[in-house]
Amino acid sequence: MKESRALMESWEALRTQGTPCVLATVVGVTGSAYRRPGARMLMTEEHWHAGSVSGGCLERELLRKAFWLTSEGRPARLVFDSLSEDEAVFLRTGCGGRVELLLERLRPDDALNPVEFVSGCVRRRQAGLMATVLHTEGTSPVELAARMLLDAEGQVRATPGLREVVPGLEADARAVLAEGGSRVRTYEVDGGKLEIFLEVVQPPQPLVVFGSGHDVVPLVEAARAVGWHVTVVSRRPQELSARLSGRADAVVGSPPETALSALELGPRTAAVIMSHGYETDRTLLEALLHSPVRYIGVLGPRSRTERMLGELAREGRAGTEAQRARVYGPAGLDVGAEGPEEIAVSIIAEVRAIMAGRSGGFLKDRKGPIHGGPSGS
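Read on for an overview of the structure. (Residues numbered from 1 in each chain as written. Predicted model: local features only at pLDDT ≥ 70, side-chain atom pairs only at ≥ 80, totals over all residues. Heavy atoms only, no water.)

Some points on unusual backbone geometry
One can expect most non-glycine residues to show negative phi and most peptide bonds to be in trans.
Part 1 of the argument: The step from Gly329 to Pro330 runs through a cis peptide bond, and the omega angle for that step is 5°.
Part 2 of the argument: Relative to the elements of secondary structure, Pro330 occurs in the loop between β16 (327-328) and α12 (339-356).
Part 3 of the argument: Positive phi, close to 65°, is recorded for His276, a residue that is not glycine.
Part 4 of the argument: Within the fold, His276 resides in the loop between β14 (270-273) and α9 (278-289). (Helix = DSSP H or I, 4+ residues; strand = E, 2+ residues; numbered from the N terminus.)

What follows is the structure in structure tokens.
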């Protein structure tokens with residue numbers, strides 16, 4: 001998400017300057033690769049670029065070819081395949097896989113501009129879906145990079161004729177957006193076949209931090225470093241704001257236990273309780289147990305969290321077993337962290353693992369591909 005922010009800012013600057021640019025998007029990966037579908041890189045003819053599509057092994061060749069391949073203003077596909085014997089697509093990469101890229105010249109007057117759609121999702125903090133034609137076969141009138149956009153309100157915009165040629169596309173897009181996982185689908189249409197990338201665009205990961213201590217700042221800094229949207233709830237907002245120096249997206253000046261009703265807490269939200277006050281933490285824990293947040297981290301020793309949960313259980317206010325399963329106390333992965341900065345990194349890593357459905361173990365012990373779902377699928 002940090003990279004998405006950089007791309008959006010870069011596009012705004014290039015558009016203002018009137019500088020021609022090409023957007024490269026990873027649309028397919030076979031085998032091992034550093035980046036996954038949806039990774040983007042924006043570049044100019046002078047070889048300036050923002051973002052990346054690999055770990056560094058493809059960018060130089062991409063900068064050399066992007067403007068030449070799109071010289072007529074039409075989108076193009078570029079394949080890097082270290083497994084192929086075809087010299088036309090062969091480029092040895094560090095990962096040893098096949099990476100397919102879609103190259104597009106961005107136009108300020110394009111109502112279906114992909115960067116501006118991503119920007120809108122980030123700005124509104126709502127998910128959306130982009131359906132992009134990656135491959136055409138036969139005589140279908142649909143062209144490469146024809147696109148349909150679906151926002152969180154259900155509004156649809158599309159290249160003229162695309163929805164008519166692929167009547168099931170909109171329903172599929174809504175289903176994929178609801179499921180939350182991008183995929184490529186092939187459609188049989190009059191005159192041939194279309195391969196379409198149904199890409200879910202997620203807004204920044206929301207993190208809410210409850211606390212005013214000095215250890216709040218490293219956690220906010222670590223979250224912002226990876227592009228998350230961070231809200232801090234503090235009893236002493238002026239003092240904390242000075243220490244944060246604008247690093248948080250929002251600082252709510254309120255007693256934490258009364259601020260919950262004003263916060264946007266959803267199923268993707270992670271919350272970390274670190275007020276260092278037992279009664280305040282217990283009140284927050286109870287409220288968050290009955291909220292839809294996905295992760296509830298509690299700073300402090302395990303015995304303290306267990307004591308709070310035990311007291312709430314005896315009072316009949318501890319929620320269900322499924323609700324309590326979202327509580328992680330002590331917060332953070334077991335990496336031997338010491339000090340606020342290391343603890344912050346361990347918490348960010350744990351939140352990321354939970355959101356991805358991972359255990360947070362060693363990659364060398366993982367069975368199956370590094371990328372993918374919990375089972376590596």
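Structural notes on helix α10 (residues 302-314)
Part 1 of the argument: Taking 1.5 Å per residue, 13 residues should reach 18 Å; α10 reaches 18 Å between its end C-alpha atoms and fits that length.
Part 2 of the argument: Those residues of α10 lying buried are Arg304, Thr305, Met308, Leu309, Glu311 and Leu312. Looking straight down α10, one finds its buried side chains confined to an arc of 160°; they lie on one side. Across α10 from its buried face, at more than 90 degrees, point the exposed residues Arg302 and Arg314.
Part 3 of the argument: Of the residues trailing α10, Gly316 is marked for its positive phi of about 70°. (Expected span 1.5 Å × (residues − 1). Buried < 20%, exposed > 50% of the residue type's maximum accessible area, 1.4 Å probe, protein only. Arc of directions from axis to C-beta.)

What about the sheet that holds strand β9 (residues 183-189)?
Part 1 of the argument: The 5 strands lie next to each other as β8-β7-β6-β10-β9, forming an open sheet whose pairing is antiparallel. If you trace the sheet from one side to the other, it starts and ends with β8 (156-158) and β9, each paired once. Strand-to-strand twist of the sheet, defined as the mean angle between neighbouring strand axes without regard to direction, takes the value 20°.
Part 2 of the argument: Of the strand pairs in this sheet, strand β6 (residues 128-138) and strand β7 (residues 147-150) are connected by 4 bridges, and their pairing is antiparallel. By the bridge assignment for β7, Thr132 is matched with Arg147.
Part 3 of the argument: Sitting on the sheet, helix α3 (residues 114-124) is in contact with β6, β7, β8 and β10 (192-201), with an inclination near 155° to β6. (Pairing = 2+ DSSP bridges. Axes fitted to C-alpha atoms, helices over the stretch in contact; angles between N-to-C directions. Contact = heavy atoms within 4.5 Å.)

Some remarks on the pairing of β14
Part 1 of the argument: Here β14 shows a buried face lined by Ala270 and Val272 and a second buried face lined by Ala271 and Ile273.
Part 2 of the argument: Direction of pairing for strand β11 (residues 206-210) relative to β14: parallel, over a ladder of 4 bridges. Within β14, the position partnered with Phe210 by the bridge is Ile273.
Part 3 of the argument: Summarising the sheet, β14 and strand β15 (residues 295-298) pair through 4 bridges and their orientation is parallel. Residue pairing for β15: Ile273 is matched across the bridge by Val298.

Regarding the nonpolar core
Part 1 of the argument: Among the nonpolar cores identified, the biggest contains 26 residues, and Leu207, Val209, Leu219, Val230, Val232, Tyr295 and Ile347 are the most heavily contacted of them.
Part 2 of the argument: Listing elements by their share of this core, those giving two or more residues are β11, α6 (216-225), β12 (229-234), α7 (237-244), β14 and α12.
Part 3 of the argument: In this view, Val232 contacts Val209, Gly211, Val216, Val220, Leu240, Leu244, Ala248, Ala250, Val251 and Val252; residues no more than four positions away in its chain are not counted.
Part 4 of the argument: Core analysis: the next-biggest nonpolar cluster, separate from the first, contains 22 residues, Ala259, Leu265, Ile273 and Leu312 among them. (Core = buried A, V, L, I, M, F, W, Y, C linked by side-chain atoms within 4.5 Å.)

What about the environment of Leu169?
Part 1 of the argument: Examined against the element boundaries, Leu169 turns out to sit in helix α5 (residues 169-179).
Part 2 of the argument: Distance in space between the C-alpha atoms of Leu169 and Thr70 is 27 Å, their sequence separation being 99 residues.
Part 3 of the argument: With near-sequence residues (within four places) excluded, Leu169 lies in contact with Ala131, Met148, Leu162, Tyr187, Ile196 and Leu198.

Here we look at the state of the cysteines
Part 1 of the argument: Under the definition given, this model contains 0 disulfides.
Part 2 of the argument: Here Cys21 stays free of any disulfide, with the sulfur of Cys121 as its closest cysteine sulfur at 19 Å.
Part 3 of the argument: With a relative accessible area of 1%, Cys21 lands in the buried category.
Part 4 of the argument: Taking relative accessible area as the criterion, Cys121 reaches 1% and is therefore assigned buried. (Disulfide = S-S within 2.5 Å.)

Brief notes about the packing of aromatic side chains
Part 1 of the argument: All told, the structure shown has 1 aromatic pair when counted by the stated rule.
Part 2 of the argument: Arranged with centres 5.1 Å apart and planes meeting at 15°, the rings of Tyr295 and Tyr328 form a pair that is stacked. You can see Tyr295 sitting in strand β15 and its partner Tyr328 sitting in strand β16, a full 33 residues away along the chain.
Part 3 of the argument: Overall, Tyr295 belongs to the buried group, its relative accessible area being 0%.
Part 4 of the argument: It is Arg307 that lies over the ring of Tyr278; its NZ or CZ is 4.3 Å from the centre. (Phe/Tyr/Trp six-rings, centres within 6.5 Å; stacked < 30°, edge-to-face > 60°. Lys NZ or Arg CZ within 6 Å of the ring centre and 35° of its normal.)

Some words on α6
Part 1 of the argument: The buried count for α6 comes to 7 of 10 residues, which makes it a mostly enclosed element.
Part 2 of the argument: By the burial criterion, the buried members of α6 are Val216, Val217, Pro218, Leu219, Val220, Ala222 and Ala223.
Part 3 of the argument: Looking at the buried side of α6, the elements it contacts are β11, β12, α7, β14 and α12.
Part 4 of the argument: Downstream of α6 by a residue or two, Gly227 has a phi angle that is positive, lying close to 85°.

Observations concerning the sheet that holds strand β1 (residues 21-30)
Part 1 of the argument: Overall, antiparallel pairing links the 5 strands, which are arranged β3-β2-β1-β5-β4 in an open sheet. Strands at the two margins of the open sheet, each flanked by one partner only, are β3 (49-51) and β4 (76-81). Averaged over all pairs of adjacent strands, the angle between their axes in this sheet comes to 20°, without regard to strand direction.
Part 2 of the argument: Direction of pairing for β4 relative to strand β5 (residues 98-105): antiparallel, over a ladder of 6 bridges. Across the sheet, the residue bridging to Ala76 is Leu103, located in β5.
Part 3 of the argument: Strand contacts of helix α1 (residues 2-17): β1, β2 (40-44) and β3, with the helix running at about 25° to β2, the strand carrying the most contacts.

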